[in-house]
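Coordinate inspection notes
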Amino acid sequence: MFRQARFVSTFPLKSDINITKSGKTLLSVGQGGRSSRTGFTATVFGGTGFLGRVVVSKLAKHGTNVVVPFRNDRARRQLKVNGDLGVVNFVEFDIRNLKSIEDSVKYSDIVINLIGTEHFSKNFSIEDVNIGAAERIAKAAKEAGVSRLIHVSSYNANPSSSSDFYATKGIGEQVVRDNFGPDATIVRPAPMYFRNSPFLNELLQIKALGGNVIFKKEVYPVHALQVGEAIERIAFDDATAGQTYELFGKERYSKKELREMIKHIIHIGQRGYYPYSAGFYLPAPEPFLYAFALIRQYISSQPRFNVDQLKRSHINQEIDQSAKTFTDLGMVPDELSEYLYRYVKPHISYTSQTQNRTVYSKEDIEKLRDYVNTPNDSFNLFNV
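This one's a predicted model, so the numbers in the text were calculated from it and none came from an experiment.

Conventions and cut-offs
Residues numbered from 1 in each chain as written. Predicted model: local features only at pLDDT ≥ 70, side-chain atom pairs only at ≥ 80, totals over all residues. Heavy atoms only, no water. Helix = DSSP H or I, 4+ residues; strand = E, 2+ residues; numbered from the N terminus. Buried < 20%, exposed > 50% of the residue type's maximum accessible area, 1.4 Å probe, protein only. Contact = heavy atoms within 4.5 Å. Areas by Shrake-Rupley, 256 points an atom, 1.4 Å probe, with all protein chains shown as cover. Patch = residues over 30% accessible without salt bridge, like charges linked within 9 Å, V, L, I, M, F, W, Y side chains within 5 Å. Salt bridge = Lys/Arg side-chain N within 4 Å of Asp/Glu carboxyl O. Axes fitted to C-alpha atoms, helices over the stretch in contact; angles between N-to-C directions. Parallel < 35°, antiparallel > 145°, perpendicular 65-115°, else oblique. Left-handed = near helix turned anticlockwise from the far one by under 90°. Nonpolar A, V, L, I, M, F, W, Y, C, P; charged D, E, K, R; others polar. Pairing = 2+ DSSP bridges. Phe/Tyr/Trp six-rings, centres within 6.5 Å; stacked < 30°, edge-to-face > 60°. Lys NZ or Arg CZ within 6 Å of the ring centre and 35° of its normal. pLDDT = per-residue confidence, 0-100. Expected span 1.5 Å × (residues − 1). Bend = angle between axes of the 7 residues up to and from the residue.

What follows deals with the overall build of the chain. Secondary structure assignment for the chain yields 14 helices and 15 strands. Counting every position in the chain, which comprises 384 residues, the buried fraction comes to 51%. Of the contacts made within the chain by residues no fewer than 6 positions apart, 75% connect residues no fewer than 24 positions apart. Summed over its atoms, the accessible surface of the chain is roughly 18400 Å², and 51% of this surface lies on carbon and sulfur atoms.

Here's what the structure looks like:
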């Protein structure tokens, strides 16, 4: 009897019969497309966020039942179309409501925690989110008999860091393994670029108070689509249990050079090919920025530039040499120069496109990088 083969390129499983680490037997059906079912159920905390939308899309497209705990009703609506009917499901929850967390994980084989914040708010501190929520989710997953827990942390996560964000992320990793066990998998992505990514949006701001300070940081940007794919591979490969993965790009960039490149790409004040691009930095001494951040942090309930972000602007990304990388997952990281123009292009105004060069290949981007890094001899009071 003739049987159609699976589309291996889109299906994450190698067999129709899969046994989880907890001993549960799951059957997959279909050819790996949208109407297939893997038999697995995955809960994605933070599924309505930037990376969460990528992860939910990758899991739902091949028929993994996805549970998305949510707080914002509007934010969840766009996730429903990622899977076939009944594949993407929602549970309203609060990180302080243990019952809602337990309801979110009680039927799941895989739990992926993407919840994290770098801002203080009137309702939650950084510690509440990065430590408290991680601890409750890990404990609930353990009690529910969940086979796999994937905790997404951050690059530079370190309990002894001078940054509250990096320190709480490091402590969060510890409490996850303390409460779930050594089989919890830790993923530390670098700053991620993609459409509407927070990393690129920060660099696209027309005005930047204190750009001479806040854009000095050096990082290894990583493609968010690849981070989502890496999490997908980890979720269905039990050999990754208990491992720590650092996911970062091939090249080291400073935020300053990336911002200068982006200014040229979107033609801010530019007339011609490379020769001139007007700056929109509003330089400021660091003590003034500290006072400004401190005031905004305490008078606004919305996410704002805060003191901890100012601290992190002096901490470059460092790679943990003991952690596994894309290579261990059989992946090769993308190069930012191949995608920078694609993700910045929507921000180019129509009038500037009619007067300037608007198509940048990888080679053009690399030349532009050399150009913006060419030293100039002009007087620079604030080292902009």
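Attention now goes to a nonpolar patch on the surface. Taken together, the side chains of Tyr 290, Leu 294, Ile 295, Tyr 298 and Ile 299 make up a nonpolar region of the molecular surface, amounting to roughly 570 Å² of accessible area. Tracing the sequence through the fold places Ile 299 in helix 10 (residues 286–299).

The next subject is the packing of helix 3 (residues 98–105) against helix 4 (residues 126–143). Contact pair helix 3 / helix 4: the axes reach a minimum separation of 9 Å and the direction vectors enclose 50°. As judged from the angle between their axes, helix 3 and helix 4 are oblique. Between helix 3 and helix 4 lies a crossing of right-handed hand. Touching Leu 98, Ile 101, Glu 102 and Val 105 of helix 3 are Arg 136, Ile 137, Ala 140, Ala 141 and Glu 143, all from helix 4. Broken down by class, the residue content of the contact of helix 3 with helix 4 amounts to 6 nonpolar, no polar and 3 charged.

Turning to the packing of helix 9 (residues 255–265) against helix 14 (residues 362–372), a few remarks are in order. Contact geometry of helix 9 with helix 14 gives a least axis separation of 9 Å together with a crossing angle of 120°. Relative to helix 14, the crossing made by helix 9 is right-handed. Judged by residue contacts, Glu 257, Glu 260, Met 261, His 264 and Ile 265 of helix 9 engage Ile 365, Leu 368, Arg 369, Tyr 371 and Val 372 from helix 14. Along the lines of polarity and charge, the residues of the contact of helix 9 with helix 14 split into 6 nonpolar, 1 polar and 3 charged.

Along the chain, the position of Pro 189 falls in strand 8 (residues 185–189). Distance in space between the C-alpha atoms of Pro 189 and Leu 247 is 4.7 Å, their sequence separation being 58 residues. Residues contacting Pro 189, with those up to four places away along its chain left out, are Val 152, Ser 153, Ser 154, Tyr 155, Val 227 and Leu 247.

With that settled, consider the sheet that holds strand 6 (residues 110–113). Hydrogen bonds between backbone atoms are what pair the strands of a sheet, whose relative direction is either parallel or antiparallel. Pairing is parallel across the open sheet formed by 7 strands, whose spatial order is 5-4-3-6-7-8-13. This sheet does not close on itself; its edge strands, each paired only once, are strand 5 (88–92) and strand 13 (244–247). The average undirected angle you get between the axes of adjacent strands in this sheet is 20°. Of the strand pairs in this sheet, strand 3 (residues 41–45) and strand 6 are connected by 4 bridges, and their pairing is parallel. Directly across from Ala 42, in strand 6, lies its bridge partner Ile 110.

For the structure on display, the rule yields 12 aromatic pairs. Put simply, the rings of Phe 50, Tyr 193, Phe 194, Tyr 339 and Tyr 343 pair up and form one aromatic cluster. A cation over a ring is seen here: Arg 76 above Phe 70, with NZ or CZ 4.5 Å from the ring centre.

Topologically, Gly 330 is positioned in the loop between helix 11 (307–312) and helix 12 (336–344). When its relative accessible area of 63% is taken as the criterion, Gly 330 is described as exposed. Sequence separation of Gly 330 and Arg 233 is 97 residues, and the distance between their C-alpha atoms is 9.6 Å.

What follows covers the pattern of salt bridges. Taken as a whole and assessed by the stated rule, the structure comprises 21 salt bridges. Close ionic contact of Arg 188 with Asp 320 constitutes a salt bridge, the shortest N to O distance being 3.0 Å. Of this pair, Arg 188 sits in strand 8 while Asp 320 sits in the loop between helix 11 and helix 12; the two residues are 132 residues apart in sequence, bridging distant segments of the chain. On the accessibility criterion, Arg 188 (11% relative accessible area) is buried. Residue classification places Asp 320 among the partly exposed positions, given a relative accessible area of 26%. Note that Glu 338 is salt-bridged to Lys 362, the shortest N-O span being 3.8 Å. You can see Glu 338 sitting in helix 12 and its partner Lys 362 sitting in helix 14, a full 24 residues away along the chain.

This paragraph deals with the confidence of the model for the chain. As a note on interpretation, predicted positions should not be read in detail where pLDDT is low. Per-residue confidence for the chain averages 87 on the pLDDT scale, and 87% of its residues sit at or above 70. The low-confidence segment residues 271–279, where pLDDT is below 50, has 25 contacts with residues more than four positions distant or belonging to other chains.

For helix 4, spanning 18 residues, the distance from its first C-alpha to its last is 25 Å, which sits close to the expected 26 Å at 1.5 Å a residue. Most pronounced at Gly 132, the bend in helix 4 amounts to some 30°. Taken together, the buried positions of helix 4 are Ile 126, Val 129, Asn 130, Ile 131, Gly 132, Ala 133, Ala 134, Ile 137, Ala 138, Ala 140 and Ala 141. Tucked into the core, helix 4 has its buried residues touching strand 3, helix 3, strand 6, strand 7 (148–152) and helix 5 (164–180).

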